[in-house]
Amino acid sequence: MRRAAYDEIAEWHDEGLGENWILHDLALPNLLELAGDVEGRRICDLGCGQGVAIRAFAKRGAKVVGVDISEKMLEFARRHEREESLGVEDILDAARKLSGFEDASFDGALCNMALMDIPDLDETLTTVARVLRDEGWFVFAITHPVTRTPGSKLGMDAANDSAWEITGYFEEGFWRSDDPRGIRGKVGSHHRTVSGYLNALSKAGFHVERAVEPRADGRLAERLPKYREVPAVLAARCGKVVE
Ligand SMILES: C[S@@+](CC[C@H](N)C(=O)[O-])C[C@H]1O[C@@H](n2cnc3c(N)ncnc32)[C@H](O)[C@@H]1O
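In this text the structure is predicted, and so the values were computed from the model without any measurement.

## Observations regarding the site of the ligand
Within the structure, the ligand sits among 20 residues, and Tyr6, Gly47, Asp68, Ala95 and Asn112 are positioned closest to it. Within the contact set of the ligand, an oxygen atom lies 2.6 Å away from a side-chain nitrogen or oxygen of Asp68. The separation between a nitrogen atom of the ligand and a polar main-chain atom of Ile69 is 3.4 Å. In isolation the ligand exposes 600 Å². Once the protein is present, 95% of that is buried. Partitioning the shell around the ligand into residue classes produces 11 nonpolar, six polar and three charged.

## What about helix α7 (residues 194-203)?
Along α7, the positions that sit buried rather than exposed are Gly196, Tyr197, Ala200 and Leu201. Looking straight down α7, one finds that the buried residues subtend no more than 130° of arc, so they occupy a single side. Looking at α7, the residues exposed on the side facing more than 90 degrees away from the buried face are Asn199 and Lys203. In this fold, the buried residues of α7 make contact with α5 (121-131), β5 (132-143), β7 (189-191), β8 (206-212) and β9 (233-240). A positive backbone phi angle near 95° is found at Gly205, which sits one or two residues after α7.

## Some words on unusual backbone geometry
Phi at Leu98 is positive, roughly 45°, even though this residue is not glycine. Judged by its relative accessible area of 1%, Leu98 falls in the buried class. The residue Ala104 is not glycine, and still its phi comes out positive at about 55°. By secondary structure assignment, the location of Ala104 is in the loop between β3 (89-92) and β4 (106-112). Note on Ala104: relative accessible area 46%, which makes it partly exposed.

## Overview of the packing of aromatic side chains
Across all of its chains, the model carries five aromatic pairs by this definition. A centroid spacing of 5.0 Å and a plane angle of 85° characterise the contact between Phe101 and Phe106, whose relative ring orientation is edge-to-face. Of the two residues examined, Phe101 and Phe106, each falls in the buried class. Among the aromatic residues, those joined into a ring-pair cluster are Phe138, Phe140 and Phe206. Between the NZ or CZ atom of Lys186 and the centre of the ring of Trp12, over which it lies, the distance is 4.6 Å. The ring of Trp21 carries Arg223 above its face, with NZ or CZ at 4.4 Å from the centroid.

Conventions adopted
- Residues numbered from 1 in each chain as written.
- Predicted model: local features only at pLDDT ≥ 70, side-chain atom pairs only at ≥ 80, totals over all residues.
- Heavy atoms only, no water.
- Near = heavy atom within 4 Å.
- Polar contact = N/O pair within 3.5 Å; in protein donor to acceptor, adjacent residues only side chain to side chain.
- Areas by Shrake-Rupley, 256 points an atom, 1.4 Å probe, with all protein chains shown as cover.
- Nonpolar A, V, L, I, M, F, W, Y, C, P; charged D, E, K, R; others polar.
- Buried < 20%, exposed > 50% of the residue type's maximum accessible area, 1.4 Å probe, protein only.
- Helix = DSSP H or I, 4+ residues; strand = E, 2+ residues; numbered from the N terminus.
- Arc of directions from axis to C-beta.
- Contact = heavy atoms within 4.5 Å.
- Phe/Tyr/Trp six-rings, centres within 6.5 Å; stacked < 30°, edge-to-face > 60°.
- Lys NZ or Arg CZ within 6 Å of the ring centre and 35° of its normal.

Right, here's the structure in full:
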């Protein structure tokens, strides 16, 4: 397997994890809420990285396995598992393949802030549908496609909160922010419109059961006040359409 983009930034990503309030305050709590009771459920995490989401699900009693294309990110996942064992497993693979998993072998699948890192959305969603049993669900959270657009420039803190520019929403495809401080400046992003995501889900055999666009409050809103007005994250729960 080729060296993955996140191999280059795994250490930086892990070090900054505690400060990633969009992840901790918006994405993760909503994913957990959308998934509901996961006690005893077998769940696959696509693009698990160093395992933040999957560890949160494991703490709620789920039997979890993470999949990621970056060996370095998985090294951090294993380090966290050694520090606090939750029975989390991980596998190096591309989300579009999930090669080691049989059809209908999971109760649920999740993808926390990683779909925009995955280039082949259609194939990935078709594979997710394949590994889920008929009553299975898929929950995901992404950077909001309306605010995190190609070329968008966002204020990084309250001091430059007025420096927001949203551009290029209709330009689907890979882009890289010219701000090297953030993750999208370091690894780029595969932008899709909201309708692009909805149509891809539908094509892969999913229906959206519920969607959430959480409004920032507390420490996140203090640091990035704009997120009181516009969404940082789009999260949804989807079910499989069974013929
Ligand atoms: C922004 S990180 C999110 C990590 C983790 N889900 C979290 O919430 O902290 C995106 C992750 O997606 C992984 N990734 C990118 N493309 C992938 C692919 N095609 N298949 C599997 N994982 C992929 C990256 O290696 C990276 O670990």
